[in-house]
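If you want the building blocks of each chain, they are given just below.
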Amino acid sequence: MHVKLKLTVAAAIAAFAGLASAQDVQVVKIGHVAPMSGPQAHYGRDNENGVLMAIEDLNKQNLVIGGKKIKFEIQAEDDAADPKQGTAVAQKLCDAKVAGVVGHLNSGTTIPASKVYNDCGIPHVTGAATNPNLTKPGYKTTFRIIANDNALGAGLALYAADALKLKKVAIIDDRTAYGQGVAEVFKRTALSKGMQVVDEQYTTDKATDFMAILTAIKSKAPDAVFYGGMDAQAGPMLRQMEQLGLTNVKFFGGDGICTTEIAKLAAGAKTLNNTVCAEGGASIAKMPGGTEWKKRYDAKYPGQFQIYSPFTYDATFVLVDAMKRANSVDPKVYTAKIPETNFKGVTATIAFEPNGEIKNPSMTLSVYKDGKKTALN
């Protein structure tokens, strides 16, 4: 009886200790927003995978912040690349009191969402939205860890003029904040280099038939076409360019077309071989931790890699790095530490300008050889 009593007391103490230990674990939610439905869902999956990998790696560290063991969880939301849905899910994340947000993917959703996050005091870090207007309001909650369109659009135009010696270009954009922004920078830089813009056409980020605008462009005999938009339109556009005999015309675009998916969407069109695209950041092979990270990614998510997942991975770590330095997961406390970031990430050593732009952004130009994206620099 005496032994049984001892065992019962010991069991009770162990149970209480286990309960106390469980109570000391604090769940911290990191929000993530991207298009998880619609024609851009492959980008969204890739971005979300980067955040999931980061959270898994962070949880292995058994971090203690503010005296509590921290368990990170993702709160993933779908904005369908739609600005209205983007602000709605931003408000949802504010109401859920997430500790920080990685996202959004598109400039058209990130720019309006940034005001929502600013108003509720939650920091967000994008590794994908590139329109320079994102950081113009000066919100203390907005950060970008990728080169913006001023670098991408200009870099492509300089390559077209200086390296390829092209003279005449037609420009198409999809009327989104991203597409218009990158096209405008390309146009401005091309004109400054003495190139002639022979035609400007517009489409939408839902379109699939470009025969009319491409026929109009063909009559102007350009050396190149620049497209400001995403791969879901660029792939069919390349197929239709081939159908119209535009097989000697170069095709330029920013990071929105710089994916592995575009090769599938172009469905064997020879015009893919004429494509030159630009993306913010170094190529995977030249990122400090890129090659090893990509092996882990491919093992975990085979065939899903697109562009931005290394950046969303680093964006998650940037938020948590600031939490560690502040010894708090409260956005009101740790957000002030993000501008002081000096984090050695997979993509780069990340530090910020006063406006939230990454310091010393790099850019990679790529072409497609035998359907595979190949870095030029």
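Scroll up to find the structure this text is about.
Right, let's walk through the structure included here. (Residues numbered from 1 in each chain as written. Predicted model: local features only at pLDDT ≥ 70, side-chain atom pairs only at ≥ 80, totals over all residues. Heavy atoms only, no water.)

**Some remarks on empty space enclosed by the protein**
Under the convention used in this document: Grid points spaced at 1 Å over the protein atoms alone were grouped into cavities, where a 1.4 Å probe fits but cannot get out, and pockets, open sets with protein on both sides within 12 Å along at least five of seven lines, with lining residues defined by an atom within 4 Å of a point. Grid points are joined across faces, edges and corners, and a volume is the space filled by probe spheres set on the points. For this scheme, ten residues count as nonpolar: Ala, Val, Leu, Ile, Met, Phe, Trp, Tyr, Cys and Pro. Four count as charged, namely Asp, Glu, Lys and Arg, and the remainder, Gly too, count as polar.
Evaluated as defined, the whole model comprises one cavity of 30 Å³ or more. In this structure, the largest cavity encloses a volume near 50 Å³. As for the largest cavity, its lining consists of Leu105, Asn106, Ser107, Ala128, Ala129, Thr130, Tyr178, Met230, Asp255 and Tyr308. Residue composition of the lining of the largest cavity, grouped by class: six nonpolar, three polar and one charged.

**What to know about the packing of helix H5 (residues 149–163) against helix H6 (residues 177–192)**
Worth spelling out the cut-off: Note on geometry: axes are C-alpha line fits, over the in-contact stretch for helices, and angles between N-to-C directions span 0 to 180 degrees. What counts as a helix is a DSSP run of H or I of at least four residues, what counts as a strand is a run of E of at least two, and both are numbered from the N terminus. An angle below 35 degrees is treated as roughly parallel, one above 145 as roughly antiparallel, one from 65 to 115 as roughly perpendicular, and anything else as oblique. Handedness of a helix crossing follows the sense of rotation of the near helix relative to the far helix, less than a right angle counterclockwise being left-handed and clockwise being right-handed. Contact definition: two residues touch when any of their heavy atoms are within 4.5 Å.
Put simply, H5 and H6 touch, their axes get as near as 8 Å, and they point 45 degrees apart. Taken together, H5 and H6 sit at an angle that is classed as oblique. Between H5 and H6 lies a crossing whose hand is right-handed. Touching Asp149, Asn150, Gly153, Ala154, Leu156, Ala157 and Leu158 of H5 are Tyr178, Gly181, Val182, Val185, Phe186, Arg188, Thr189 and Ala190, all from H6. By residue class, the composition of the contact of H5 with H6 is nine nonpolar, four polar and two charged.

**Some details on the packing of aromatic side chains**
Applicable threshold: Any pair of Phe, Tyr and Trp rings, taking the six-membered ring for Trp, is counted once the centres come within 6.5 Å. Such a pair is stacked with planes under 30 degrees apart, edge-to-face with planes over 60 apart, and tilted for the rest. Think of it in three bands: with a 1.4 Å probe and only protein chains considered, a residue is buried below 20% of the maximum accessible area for its type, exposed above 50%, and partly exposed in between.
Applying the stated rule across the entire model yields ten aromatic pairs. With a centroid separation of 5.0 Å and 55 degrees between ring planes, the pair formed by phenylalanine 143 and phenylalanine 352 is classed as tilted. Here phenylalanine 352 lies in the loop between strand E13 (349–350) and strand E14 (363–369) and phenylalanine 143 lies in strand E6 (residues 142–144), a separation of 209 residues in the sequence. Comparing phenylalanine 143 with phenylalanine 352 shows no difference in burial state: the two are buried. For the pair phenylalanine 186 and phenylalanine 252, a centre-to-centre distance of 6.1 Å together with 40 degrees between the ring planes defines the contact as tilted.

**Some points on helix H10 (residues 290–300)**
Under the convention used in this document: Taken from the helix axis, the directions to the C-beta atoms give the arc we talk about.
For H10, the set of buried residues is Gly290, Trp293 and Tyr297. In a view along the axis of H10, the buried residues occupy a sector of 70 degrees, so they form one face of it. Of the exposed residues in H10, those oriented more than 90 degrees away from the buried face are Glu292, Lys295 and Ala299. Where H10 is buried, its residues contact helix H2 (41–59) and helix H11 (309–326).

**Digging into the state of the cysteines**
What counts here: Working definition: a disulfide is two cysteine sulfur atoms within 2.5 Å of each other.
Taken as a whole, this structure holds two disulfides when the rule is applied. Two residues, cysteine 94 and cysteine 120, share a disulfide whose sulfurs are 2.0 Å apart. Looking along the S-S bond of the cysteine 94-cysteine 120 disulfide, the torsion reads about -55 degrees, which is the left-handed sense. Taken together, the residues span a long stretch of sequence, with cysteine 94 in helix H3 (residues 83–95) and cysteine 120 in helix H4 (residues 107–120) at a distance of 26 residues. Put simply, cysteine 258 and cysteine 277 are joined by a disulfide, and their sulfur atoms are 2.1 Å apart. On the sign convention where negative means left-handed, the S-S torsion of about 60 degrees between cysteine 258 and cysteine 277 marks this disulfide as right-handed.

**Here's the deal with the pattern of salt bridges**
Definition in use: By salt bridge we mean one thing: a side-chain nitrogen of Lys or Arg within 4 Å of a carboxyl oxygen of Asp or Glu.
Applying the stated rule across the entire model yields 20 salt bridges. A salt bridge links glutamate 357 to arginine 144, with the nearest nitrogen and oxygen atoms 2.6 Å apart. With a gap of 213 residues between them, glutamate 357 in the loop between E13 and E14 and arginine 144 in strand E6 connect regions that are remote in the sequence. Each member of the pair, glutamate 357 together with arginine 144, is buried.

**A word on the sheet that holds strand E7 (residues 168–173)**
Stated formally: DSSP bridges decide pairing: two strands pair if at least two such bridges lie between them.
With mixed pairing, seven strands are arranged side by side in an open sheet as E8-E7-E9-E10-E11-E14-E15. A strand with exactly one partner marks an edge of an open sheet, and here the two such strands are strand E8 (196–202) and strand E15 (372–375). Neighbour-to-neighbour, the strand axes of the sheet open up by a mean angle of 25 degrees, direction not taken into account. Pairing analysis gives five bridges linking strand E11 (residues 275–280) to E14, with the strands arranged antiparallel. Bridging across to E14, alanine 278 finds its partner in leucine 365.

**Some words on the sheet that holds strand E2 (residues 64–65)**
What the six strands build is an open sheet, ordered E2-E3-E1-E4-E5-E6; its pairing is mixed. In this open sheet, the two edge strands, each paired with only one partner strand, are E2 and E6. Judged from the ten bridges that link them, strand E1 (residues 25–34) and strand E3 (residues 68–78) form a sheet pairing that is parallel. From the neighbouring strand, isoleucine 30 faces E3, where its bridge partner is isoleucine 74.

**Re the nonpolar core**
The line we're drawing: The term nonpolar core refers to a set of buried residues drawn from Ala, Val, Leu, Ile, Met, Phe, Trp, Tyr and Cys, joined through side-chain atoms within 4.5 Å.
Formed by 96 residues in total, the largest nonpolar core has its most connected members in Phe72, Phe226, Phe251 and Met323. With ten residues, H11 is the single largest residue contributor to this core. Listed in part, the eleven residues of the second largest apolar core include Val33, Leu93, Cys94 and Tyr117.

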